[in-house]
Amino acid sequence: MADDVNYLFERIRWTIYGSLFVGYSSYYFCRKSYTFAIPALINELSLKKNELGVITSGFSAMYGIGKFTGGLLSDTLSSRTMFTTGMLFTGIINILIGITGKLWLLTLLWSINGLFQGFGWLPCAKLLRVWFSPYEVSSDFIFLLFRSQRWTGAFNHKSGQLF
């Protein structure tokens, strides 16, 4: 009986870790997609570099606000709900960005994306802390989670070359 409980517990822990790995990779993928879209924005929408800078600045400002408010909200709301809601809105906003061509709308959507991007890491860290010991979180798991960023960056780089 105890072995079954231990097996189930370990299975749930690794399922949660895998979900967080894929989820945070998705956050990162949606965060870095703008970098690889810049050449297309310049060519297709005739945007100038200063206009691209305005879009980027809006994202950065809202990302900081999202981190701050996400930290406050993660203490009171469910981490799973916050993580999933942020990911859902980030995905929807990235789709909307792909179908718009107006500078003001790109800036608004990318800024709102920054706000929801700020909701990613804090619930992820909180869930890791709940399900794994401090030693595990501080060594192996954080290393693997940050590897997800490198993997996503490599994927973004290759997919950017395809288009």
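Note that the structure is a prediction, hence the values are computed from the model and not measured.

Considering the overall build of the protein
What the protein contains, in helices and strands, is 6 helices and 0 strands. Along the protein, helices and strands appear, N-terminal first, in the series α-α-α-α-α-α. Looking at the protein as a whole, 36% of its 163 residues qualify as buried. Excluding contacts between residues fewer than 6 apart, the proportion of contacts in the protein whose partners are at least 24 apart in sequence is 79%. Summing over all exposed atoms, the protein offers an accessible surface of approximately 9,900 Å²; the carbon and sulfur share of this is 69%.

Thoughts on the confidence of the model for the protein
Per-residue confidence for the protein averages 82 on the pLDDT scale, and 83% of its residues sit at or above 70. Within the protein, the element-level pLDDT minimum falls on helix H6 (residues 134–162), averaging 56, and the maximum on helix H4 (residues 103–117), averaging 93. Contacts from residues 159–163, a stretch scored under 50 in pLDDT, to residues over four places away or in other chains number 1 contact.

A look at the environment of Thr 100
Assignment of secondary structure puts Thr 100 in the loop between helix H3 (79–98) and H4. Judged by relative accessible area, Thr 100 falls into the buried class, the value being 14%. With near-sequence residues (within four places) excluded, Thr 100 lies in contact with Leu 105, Leu 106 and Leu 109.

A closer look at the packing of H3 against helix H5 (residues 121–131)
Between H3 and H5, the shortest axis-to-axis distance is 8 Å and the interhelical angle comes to 145 degrees. H3 and H5 meet at a crossing whose hand is left-handed. Counted together, Ser 79, Arg 80, Met 82 and Phe 83 of H3 and Pro 123, Cys 124, Lys 126 and Leu 127 of H5 form the full contact between these two elements. Looking at the contact of H3 with H5 residue by residue, the classes come out as 5 nonpolar, 1 polar and 2 charged.

Considerations on helix H2 (residues 49–74)
Its 26 residues place the ends of H2 36 Å apart at the C-alpha level, agreeing with the 38 Å of an ideal helix rising 1.5 Å per residue. Residues Leu 52, Ile 55, Gly 58, Phe 59, Tyr 63, Gly 66, Gly 70 and Ser 74 constitute the buried set of H2.

Things to note about unusual backbone geometry
With a phi close to 55 degrees, Ser 46 is a non-glycine residue in the positive phi region. Take Ser 46: it is sitting in the loop between helix H1 (2–45) and H2. Classification of Ser 46 as exposed rests on a relative accessible area of 54%.

Conventions adopted
Residues numbered from 1 in each chain as written. Predicted model: local features only at pLDDT ≥ 70, side-chain atom pairs only at ≥ 80, totals over all residues. Heavy atoms only, no water. Helix = DSSP H or I, 4+ residues; strand = E, 2+ residues; numbered from the N terminus. Buried < 20%, exposed > 50% of the residue type's maximum accessible area, 1.4 Å probe, protein only. Contact = heavy atoms within 4.5 Å. Areas by Shrake-Rupley, 256 points an atom, 1.4 Å probe, with all protein chains shown as cover. pLDDT = per-residue confidence, 0-100. Axes fitted to C-alpha atoms, helices over the stretch in contact; angles between N-to-C directions. Left-handed = near helix turned anticlockwise from the far one by under 90°. Nonpolar A, V, L, I, M, F, W, Y, C, P; charged D, E, K, R; others polar. Expected span 1.5 Å × (residues − 1).

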